[in-house]
Amino acid sequence: MPAEEHRQFVLYQGRMLLTGIAEQSPPQEEPIERARELGRRRARQGLSIELMLGAYHITFREAWNPILRKATVDEPEHIGELAHMVALIWTWFRVLMGNASEAYGEELRRAQVTRATLAHRLFAALTADPVQPEPAATLARALGYEPDGEFQSLCLPAGDWQDDGTDRLRHRLSALPGVLHCATADTRLLVLGQRHDPDAVVSAARAISPADSGTAVGVGLPRPGLAGAVDSITDATQALSQSGGQQRVVRFADAWLTAGLGGQATRLAPLFTEAMAAARTDEHLAEAVVAFADHGLSLAAAARALHLHPNSLSYRLSRWHELTGLDPRNGDGLIASLVALRLYRTG
């Protein structure tokens, strides 16, 4: 906020107040409208309402104190007249602060509706088929994003969030560092950010989630440009699909394998029929394959983790190869085995 602008408004309010005292009149139309304009302007500037009202407190206090000192020290015979003056100053204080506060709230609500509408239109442009890059760039700039900057998306199940919950999330996001907006797109509540801390966004969402046990969150990768924003939205959506209906946070960076292939699970299923059957028939074989992969392809380390003799683990790996045709001791066989177990294994 420009300092000179603030100084001029304080001087104006002080003059109006002292004129009102001299004329023994309450606030008229002009100072009331100026107070309302101040409220609207401070809301647009992002100044907190507490600071705006604090400036009124100081202005009125500094106008009253010299009057009180003069009457007390220099002209004590006029002290009795101060009671009427207090009532008049209180009227000015109440009317001007009330109008400034009311206009501040109106402007804040209008701006929130505008931002929510713009965010909804931006996400619609980014998730359209095909993507609408030119409208998206214009909307992104209007919301404070840098279209060529780095974007990162988070995705939450829209069914967990009613209108009041979404409004609370918008309010919480506006207080976090960075540029953050959210809007509903189909069954998703999308959050798109720049220069932000994704963990802070997750914490904010889970702290105010309407669901009793928090909310599931999918976190996409940070990616450059609006094309990257589209891909990050896809990341976050696919990550959310891996939450398994539980209220947990899934990051695409950690779950990229199953998240990326999840949409192809039905089409790829014939490739893994034998592996799926073997995993269902003998859970120990599937555990052996996973332990072998998780322990650096070391028979000894994997066997220790499963409390087995290395020979027993080796037998299970061979048995898996025999039943599925996938050899977990070579790269392709191990990758195919893990894909089968990650995509289709239950429990």
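Preceding this paragraph is the structure being described.
Residues numbered from 1 in each chain as written. Predicted model: local features only at pLDDT ≥ 70, side-chain atom pairs only at ≥ 80, totals over all residues. Heavy atoms only, no water.

Things to note about the overall build of the chain
Just so we agree on the cut-off: A run of DSSP states H or I qualifies as a helix once it reaches four residues; a run of E qualifies as a strand once it reaches two. Both are numbered from the N-terminal end. In this setup the radius of gyration rests on C-alpha atoms only. A globule is expected at 2.2 Å times the number of residues raised to 0.38. Only heavy atoms enter the contact rule, under which two residues are in contact if any of them lie within 4.5 Å. Methods summary: accessible areas were calculated by the Shrake-Rupley approach with a probe of 1.4 Å, and residue burial reflects only the protein chains presented. When charges are counted, Lys and Arg contribute as positive and Asp and Glu as negative, whereas His and the chain ends are disregarded. Charge placement uses NZ in Lys and CZ in Arg. For Asp and Glu, CG and CD serve respectively.
A count of helical and extended segments in the chain gives 15 helices and 6 strands. Here the chain has a C-alpha radius of gyration of 32 Å; the compact-globule value for 347 residues is 20 Å, and the former is much larger. Along the first, second and third principal axes, the C-alpha set of the chain runs to 110 × 45 × 30 Å. Across the chain, every contact between residues at least 6 apart in sequence was considered, and the portion connecting residues at least 24 apart equals 68%. Accessible surface computed for the chain: about 18,600 Å², of which carbon and sulfur atoms make up 55%. Put simply, the chain has 34 plus and 40 minus side-chain charges, and the middle of one group is 2 Å from the middle of the other.

A closer look at the side chain of Ser209
Position of Ser209 relative to the elements: it lies in the loop between α7 (198-208) and β4 (217-219). Not counting residues up to four positions away in its chain, the partners in contact with Ser209 are Trp161, Gly214 and Thr215.

Examining helix α1 (residues 3-23)
Inclusion rule: Take the number of residues in a helix, subtract one, and multiply by 1.5 Å to get its expected span. For every residue, the accessible area obtained with a 1.4 Å probe (protein chains only) is divided by the maximum for its type, and the residue is called buried under 20%, exposed over 50%, and partly exposed between those limits.
Compared with the 30 Å implied by 1.5 Å per residue over 21 residues, the 30 Å span of α1 between its first and last C-alpha is a close match. Every buried residue of α1 is accounted for by Phe9, Tyr12, Gln13, Gly14, Leu17, Gly20 and Ile21. Packed against the buried residues of α1 are α2 (29-45), α3 (49-73) and α4 (82-127). Positive backbone phi, at 55°, marks Gln24, one or two positions downstream of α1.

Let's talk about the packing of α2 against α4
How we decide: To obtain an axis, a line is fitted to C-alpha atoms, over the contacting stretch when the element is a helix, and the angle between two such axes runs from 0 to 180 degrees between their N-to-C directions. Here roughly perpendicular refers to angles of 65 to 115 degrees, roughly parallel to angles under 35, roughly antiparallel to angles over 145, and oblique to all remaining angles. Note: crossing handedness is left-handed where the near helix turns anticlockwise from the far helix by less than a right angle, and right-handed where it turns clockwise. Here the nonpolar group is Ala, Val, Leu, Ile, Met, Phe, Trp, Tyr, Cys and Pro; Asp, Glu, Lys and Arg are the charged ones; every other residue, Gly included, is treated as polar.
Between α2 and α4, the shortest axis-to-axis distance is 7 Å and the interhelical angle comes to 40°. The orientation of α2 relative to α4 falls into the category oblique. For the pair α2 and α4, the sense of crossing is right-handed. Two secondary-structure elements touch here, α2 through Pro31, Ile32, Ala35, Arg36, Gly39, Arg40, Arg42, Ala43 and Arg44 and α4 through Trp92, Val95, Leu96, Asn99, Ala100, Glu102, Ala103, Tyr104, Glu106, Glu107 and Leu108. Here the residues of the contact of α2 with α4 are counted per class, giving 11 nonpolar, 2 polar and 7 charged.

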